[in-house]
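Letter by letter, the chains look like this.
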Amino acid sequence: MVDQILEDYKAYYQSRVERYAGNQNYINSYNAEKQLSDAMQSCNNLEEFKLKVGNLNDACTIALIKDENLIEKKHFEKHQEIHRIKASERILEKVESCKTSLDVATMAVEETNKTSIEISMDEAHRQFNSDWNLLDEITVYENAIVPDKYKQNMLSIADDIKKSLVAGVESLEKNNTKWQSSWKIVPEKNTENRHVRLLPFSKQNIIEQIAKYKSIINR
């Protein structure tokens, strides 16, 4: 008599293998899932699986974490994301030493959280991006062609905008030193690929705008 429950389990574990079959991005997961499925396929009853499964389920979890971070690392290398890539690099350095699903999950969360602070500190330099329009407004008000009686008012508005830029940067730096000692905004970082790709301007335009920004915020 066919044990339908056993056959259903065998089909289930085989389907897990087939999910990764032929996908080179998940070669570790495929091999781990195949070992688990092979253990199930060799069973004549479910009781046998309890004896044969061992740490194969944990191995599948570890393999998946490894594959996912290899994919992520490759993606971040392509886009020169020098901070975002650190989590994957750190996880890949430690993943082989993990023994259980809990071990690898805990380690991955710890390394991701650690990297998230570094990412936040790096992306805080994009305050320059947010202030771009204000820099343009300063240029507009300082160079406005208006009757003489309005000129001083235009310059006063430009000066107020400059003060707001300085105050904003000072506030940002004060806040970020809580997370990274002595953190200071470095506008030049916005010429690096991970930042500059977010700005729809020419490289020369960005460099000129950064120079103007630095002269205003005294950085």
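Small disclaimer: the values here were computed from a predicted structure and weren't measured.

## Here's the deal with the overall build of the protein chain
Consideration 1: A tally of helices and strands in the protein chain yields ten helices and zero strands.
Consideration 2: When the helices and strands of the protein chain are read in sequence order from the N terminus, they spell out α-α-α-α-α-α-α-α-α-α.
Consideration 3: In terms of principal-axis extent, the alpha carbons of the protein chain reach across some 100 × 35 × 25 Å.
Consideration 4: Buried positions account for 34% of the 219 residues belonging to the protein chain.
Consideration 5: Summing over all exposed atoms, the protein chain offers an accessible surface of approximately 13200 Å²; the carbon and sulfur share of this is 52%.
Consideration 6: Across the protein chain, the 31 positively charged side chains and the 35 negatively charged ones have centroids separated by 5 Å.

## Focus on helix H5 (residues 85-94)
Consideration 1: Within the sequence span of H5, burial applies to Ile85, Ala87, Ser88, Ile91 and Leu92. One side of H5 carries all its buried residues, which in axial view fall inside an arc of 160°.

## A short note on the side chain of His195
Consideration 1: Following the sequence through the fold, His195 ends up in helix H9 (residues 193-196).
Consideration 2: In this structure the side chain of His195 is engaged in a polar contact, spanning 3.4 Å, whose partner is the side chain of Arg194.
Consideration 3: Beyond its immediate stretch of four places on either side in the chain, His195 contacts Asp122, Glu123, Arg126, Asn129, Lys189 and Asn190.

## What about the packing of aromatic side chains?
Consideration 1: Counting across every chain of the model gives six aromatic pairs.
Consideration 2: Among the aromatic residues, those joined into a ring-pair cluster are Phe128, Trp132, Phe201 and Tyr213.

## Things to note about the pattern of salt bridges
It is possible for side chains of opposite charge to pair when their charged atoms get near one another.
Consideration 1: Tallied over the full model, the rule gives 20 salt bridges.
Consideration 2: Here Lys184 and Glu173 are joined by a salt bridge, their closest N and O atoms 3.7 Å apart. A residue pair is termed long-range when its members are at least 10 positions apart, and Lys184 in the loop between helix H8 (148-176) and H9 and Glu173 in helix H8 qualify at eleven residues.
Consideration 3: Linked by salt bridges that have partners in common, Arg84, Glu123 and Arg126 make up one network.

## Here we look at the side chain of Ser37
Consideration 1: Counting through the fold element by element, Ser37 comes out in helix H2 (residues 27-41).
Consideration 2: Setting aside residues up to four positions removed in sequence, Ser37 forms contacts with Tyr13, Gln14 and Val17.

Cut-off values and rules
Residues numbered from 1 in each chain as written. Predicted model: local features only at pLDDT ≥ 70, side-chain atom pairs only at ≥ 80, totals over all residues. Heavy atoms only, no water. Helix = DSSP H or I, 4+ residues; strand = E, 2+ residues; numbered from the N terminus. Buried < 20%, exposed > 50% of the residue type's maximum accessible area, 1.4 Å probe, protein only. Areas by Shrake-Rupley, 256 points an atom, 1.4 Å probe, with all protein chains shown as cover. Lys, Arg positive; Asp, Glu negative; His and termini not counted. Charge placed at Lys NZ, Arg CZ, Asp CG, Glu CD. Arc of directions from axis to C-beta. Polar contact = N/O pair within 3.5 Å; in protein donor to acceptor, adjacent residues only side chain to side chain. Contact = heavy atoms within 4.5 Å. Phe/Tyr/Trp six-rings, centres within 6.5 Å; stacked < 30°, edge-to-face > 60°. Salt bridge = Lys/Arg side-chain N within 4 Å of Asp/Glu carboxyl O.

Function-wise, these values are silent; they only describe arrangement.
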